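# Fold and geometry: a report
Spelled out from the first residue to the last, the chains are:
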Amino acid sequence: MPESDVEILLVEDSPEDAELTLHSLRRNNLANSIYWAKDGEEGLDFLFCRGKFASRSFQRPPKVVLLDLKLPKVDGLEVLRQLKEDPRTRSIPVVVLTSSREEADVVRGYRNGANSYVQKPVEFEQFREAVRQLGLYWLVTNEAPPETTFTRG
Amino acid sequence: MNRGLKNAVPWGIGLSLALVAAIGGLSLRSLVDQGEDARWVAHTHAVIGEMERVRMEMLKAENAQRGYVLAGNSSFRSRFSTARDELQKTLGSLRALTGDNAEQQKKLAELQPLIQKRLELLEEPLASPGSAQREAGGQAARTLSGAELTGQIMESLNAMENSEENLLRERDAEARTSSRRTEILLVLGMVATIGMVLGAFLLLLREVKERARAEEEVNQFFNISADLLCVAGTDGYFKRVNPMWEKVLGFPTAELLSKPYFDFIHPEDVEKTRVASEAASATGVESFENRYRTRQGGYRWLNWNARPDAQRGLVYAAARDVTEAIAARETLERLNGELEARARQLEDTNRELEAFTSSVAHDLRAPLRHVDGFSRILVEEHSAQLGAEGQRLVERIRRATQHMGELVDDLLNLSRLTRREVSPIVTDLGPLVREVIAGLEGACQGRRVDFRVGAMPFAECDPGLMRQVFANLLANAVKFTRPRDPAVIEVGQADQNGNRVIFVRDNGVGFSMKYADKLFGVFQRLHRAEDFEGTGVGLVTVQRIVQKHNGRIWAEAEVDRGATFYFTLEGLEERRSQDSDERRGGTHARV
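In this text, all values refer to a predicted model and were calculated from it rather than measured experimentally.

A tally of helices and strands in chain A yields 5 helices and 5 strands. Counted from the first residue to the last, chain A has its helices and strands arranged as β-α-β-α-β-α-β-α-β-α. Taken across its 153 residues, chain A has 37% of its residues classed as buried. Considering only contacts within chain A whose residues lie at least 6 apart along the sequence, 63% involve residues at least 24 apart.

Quick look at the overall build of chain B now. Helix and strand counts for chain B stand at 12 helices and 13 strands. For chain B, the residues scored as buried account for 25% of the 591 residues in total.

Once that is clear, we can look at the sheet that holds strand β4 (residues 299–309) of chain B. Residue and element names in this part refer to chain B. The strand order across the open sheet formed by 5 strands is β2-β1-β5-β4-β3, and the pairing between neighbours is antiparallel. Looking at which strands have only one partner, the edges of the open sheet turn out to be β2 (238–241) and β3 (285–293). Each adjacent strand pair in this sheet contributes to an overall mean axis angle of 30 degrees, direction not counted. Here strand β1 (residues 228–233) pairs with β2 via 3 bridges, running antiparallel.

With that out of the way, let us pick up the nonpolar core. Residue and element names in this part refer to chain B. Counting 49 residues, the largest nonpolar core has V433, V436, V469, F470, L473 and L474 as its most contacted members. Among the elements that take part in this core, helix α10 (residues 463–480) stands out by supplying 10 residues, more than any other. For this core, the two domains that each supply at least three residues are domain 3 (328–419) and domain 4 (422–589).

The subject of this paragraph is the interface of chain A and chain B. At the junction of the two partners, chain A supplies 9 residues and chain B supplies 9 residues. Top element by residues in the side of chain A that touches chain B is helix α1 (residues 15–27) of chain A. It accounts for 3 residues. Along the lines of polarity and charge, the residues of the side of chain A that touches chain B split into 2 nonpolar, 4 polar and 3 charged.

This paragraph deals with the confidence of the model for chain A. Residue and element names in this part refer to chain A. With 78% of its residues at a pLDDT of at least 70, chain A reaches an overall mean of 78. At the level of individual helices and strands, chain A shows its lowest average pLDDT in helix α4 (residues 101–108), which scores 67, and its highest in helix α2 (residues 40–47), which scores 92. Of the regions scoring below 50 in pLDDT, residues 143–153 engages in 7 contacts with residues more than four places distant in sequence or in other chains.

As a further point, take the environment of E57(B). Residue and element names in this part refer to chain B. Within the fold, E57 resides in helix α1 (residues 3–71). By C-beta crowding, E57 is classed as buried, having 21 other C-beta atoms within 10 Å. Residues in contact with E57, not counting those within four places in the same chain, are A83, E86, L87 and T90.

All names here are of chain A. Pairing within the open sheet is parallel, and its 5 strands lie in the order β2-β1-β3-β4-β5. If you trace the sheet from one side to the other, it starts and ends with β2 (34–37) and β5 (116–119), each paired once. Each strand of the sheet is rotated relative to its neighbour by a mean of 20 degrees, with strand direction disregarded. Of the pairings in the sheet, the one linking strand β4 (residues 94–98) to β5 comprises 4 bridges and is parallel in character. Within the sheet, the bridge partner assigned to V95 lies in β5 and is S116.

As a further point, take the packing of α10(B) against helix α11 (residues 538–548) of chain B. Pairs of packed helices are described in terms of their axes, by the angle between the two and the distance that separates them. Residue and element names in this part refer to chain B. Remark: α10 packs on α11, axes separated minimally by 9 Å, with the N-to-C direction vectors making an angle of 145 degrees. Here α10 runs over α11; the crossing is left-handed. Contacts between α10 and α11 involve L465, Q468, V469, N472, L473 and N476 on the former and, on the latter, G538, L539, T541, V542, I545, V546 and K548. Each residue belonging to the contact of α10 with α11 can be placed in one class, and the counts come to 7 nonpolar, 5 polar and 1 charged.

Side-chain alternation along strand β1 (residues 8–11) of chain A places I8(A) and L10(A) on one buried face and L9(A) and V11(A) on a second face that is also buried. The parallel pair β1(A) and β2(A) is bridged by α1(A), and the resulting crossover is right-handed.

Let us now look at helix α8 (residues 323–419) of chain B. In an α-helix there are 3.6 residues to a turn, and that puts residues three or four apart on one side. Its 97 residues give α8(B) an end-to-end C-alpha distance of only 44 Å, which falls more than 12% under 144 Å, the value for a rise of 1.5 Å per residue. The largest bend in α8(B) amounts to roughly 120 degrees and is located at L386(B).

What follows concerns unusual backbone geometry. Residue and element names in this part refer to chain B. Residues D485 and P486 are joined by a peptide bond in cis, for which omega reads 0 degrees. Its place among the elements puts P486 in the loop between α10 and β9 (487–496). Non-glycine residue S287 carries a positive phi angle of around 55 degrees. Following the sequence through the fold, S287 ends up in strand β3. A positive phi angle is found at D560, which is not glycine, with a value near 70 degrees. By the element assignment, D560 lies in the loop between β11 (553–557) and β12 (563–567). Given 11 C-beta atoms within 10 Å, D560 falls into the exposed group.

Moving on to the confidence of the model for chain B. Residues and elements named next belong to chain B. Taken as a whole, chain B shows an average pLDDT of 84; of its residues, 93% reach a score of 70 or greater. When mean pLDDT is compared element by element in chain B, β12 scores highest at 94, while helix α12 (residues 584–589) scores lowest at 41. Across residues 577–591, confidence stays below pLDDT 50; counting only partners more than four residues off in sequence or on other chains, it has 34 contacts.

Here the focus is helix α7 (residues 270–282) of chain B. Residues and elements named next belong to chain B. For α7, spanning 13 residues, the distance from its first C-alpha to its last is 18 Å, which sits close to the expected 18 Å at 1.5 Å a residue. Residues T273, S277, A280 and S281 constitute the buried set of α7. Relative to the axis of α7, the buried residues are bounded by an arc of 85 degrees and lie together on one face. Exposed side chains of α7 directed beyond 90 degrees from the buried face belong to E271, V275, E278 and A282. On its buried face, α7 is in contact with β3, β4 and β5 (314–321). One or two residues past the end of α7 sits G284, with phi positive at roughly 95 degrees.

Moving on to the environment of A325(B). Within the secondary structure, A325(B) is located in helix α8. With 24 residues separating them along the chain, A325(B) and W301(B) place their C-alpha atoms 9.1 Å apart.

Conventions adopted
Residues numbered from 1 in each chain as written. Chains lettered and ligands numbered in written order. Predicted model: local features only at pLDDT ≥ 70, side-chain atom pairs only at ≥ 80, totals over all residues. Helix = DSSP H or I, 4+ residues; strand = E, 2+ residues; numbered from the N terminus. Buried ≥ 20, exposed ≤ 12 C-beta atoms within 10 Å, placed from the backbone. Contact = placed C-beta atoms within 7 Å. Pairing = 2+ DSSP bridges. Axes fitted to C-alpha atoms, helices over the stretch in contact; angles between N-to-C directions. Core = buried A, V, L, I, M, F, W, Y, C linked by C-beta atoms within 7 Å. Domains from an automatic or database assignment. Nonpolar A, V, L, I, M, F, W, Y, C, P; charged D, E, K, R; others polar. pLDDT = per-residue confidence, 0-100. Left-handed = near helix turned anticlockwise from the far one by under 90°. Right-handed = clockwise from strand over helix to strand, strands pointing away. Expected span 1.5 Å × (residues − 1). Bend = angle between axes of the 7 residues up to and from the residue. Arc of directions from axis to C-beta.

Okay, structure coming up:
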């Protein structure tokens, strides 16, 4: 999969959670455009087009980031902070994956925080609801959107 | 001496001085008067003397003339002249003496021509040289008008003398009066002076006694004081110490006074005492503490208050033996320190426990999630290979993981609750309870449940936590009334032993009071899971919340006859909820 075509960036360290999420999305034909980053550092490298992602362009950011909070190296909150501080990445929608209500409360305490929340395990229905909240209807319709409709980008 | 007396003293002295001065003045005046009177008496005596002399010289002149006439001796002539001259002189002096007396002057003026005339008569024979003539002349003078004139003169003199003697008597009386007045004044003055001196003496005596008494009082206090009192000199020696010193330190008073007081002070406290004593002799000190050596070699902690008397170079000081208090304070501080350390330890442990619980709950949740997720995929995508029995088993796996998920959720909830701060506000419990009941609609699906909500009070509580209390209790009530038709669940307030309590009562399966002590233990259940599902965390949660509101919770129940949960809250108000619509819940409850 060419990294430039990625529409969903999943930042998740747990292979089980990742597999369940991917499985759910795959069943809905969304797996093709997902990139799975295994920790926070890789996630940041991807988003900031550096390291092994140096060839990526800021011009084609992922449509949405699914971000786990408990991550090795750089944790989810730090990823969120850096993402939201940089003007180049600020507008990328972030859906935080929480393992409890309590975690969602913690994230809500941060300014410029997540755009939405999804509680694990990530069911497709929940994901669709989150995406709906973000106004990214086309993401789950299997149709490539015309560039002009992507106004939030 | 009291204030009134103090004010009276200058007045008394002023008054006394004025009195003495007045009496002195009067006495002086009286004495002067008396001298004047005496002079007047003497004057009168002199006047009378002169009058007598006039009379005598008159007679002398007559005798001399008669002698001359009879004897013709010329010596009589000169005697006559002498008498006549004396007479003239005396009259002059008399005139001068009685210058102040108009009456006497008048009389004198009448007398003078008479005397003059008499003298002329007497002189006649002296002028003629013949004895016969002398005889005849003399005879004539004597026999004719002479005797008459003499008589007139004498009479006039008598009258003058009488008048003068009257004057004398008057002046005498006056002199006596003024003399008596002087005496009286002197006596009065003496009496007044004696009185004043006596008064002053008595006052002084009283003052002295008063002072002695006051000093005695001070001494009494000095001697009985439980504090160590002393007067210290700026020379570094005690000037006076009370008996308490001997009692507390054991040194005899004489020894305490004979050595510099620094000798008795703990070497470690010498420096700060030096600083403090300088302060004491300048401005005084308060609550200064140092240690004094005892005769046994130990030390006592003394707490000092001192006031300086800079004029006399003294410091008045009172010390209290605070050794025990300090020991107690130190013990208390040590115990407090230990307690604080232990409390910190406990807090740390609690925090660790909470962190542990929270982390365990989170970490447990992940594998559960995975088991559940993969089981589901198995059922959904591989059901053909599993077969009916395989599907049933996977379903069991999923149910078990779900139950464990609930346990973990409840544990997390409880852990969150333990950490949460209560933020109480005055809350109407009526609407809160009805809200909870509305939320139980799902659980009541297909059953007849009669909710009866009595008048609910206002409570000062954390509404979120209180909602949880009612939610757990009412959910329990709904659960354990499952075999009842209709189920009756009451919520209300009651008085128990004068305490306002809130109760939740049901007609459910109840429980045996034998196990009542297990009711509020974590994961403790009084019913079999196959009869009534549950995690055993709900009531613990309720109890934690009630305890956080300084309340108490307990239950009364009987097997198959329902259960009643009672709880108290600290901020439970007398006022009743406005809309105490009894049985309102009943209308919506049959779902």
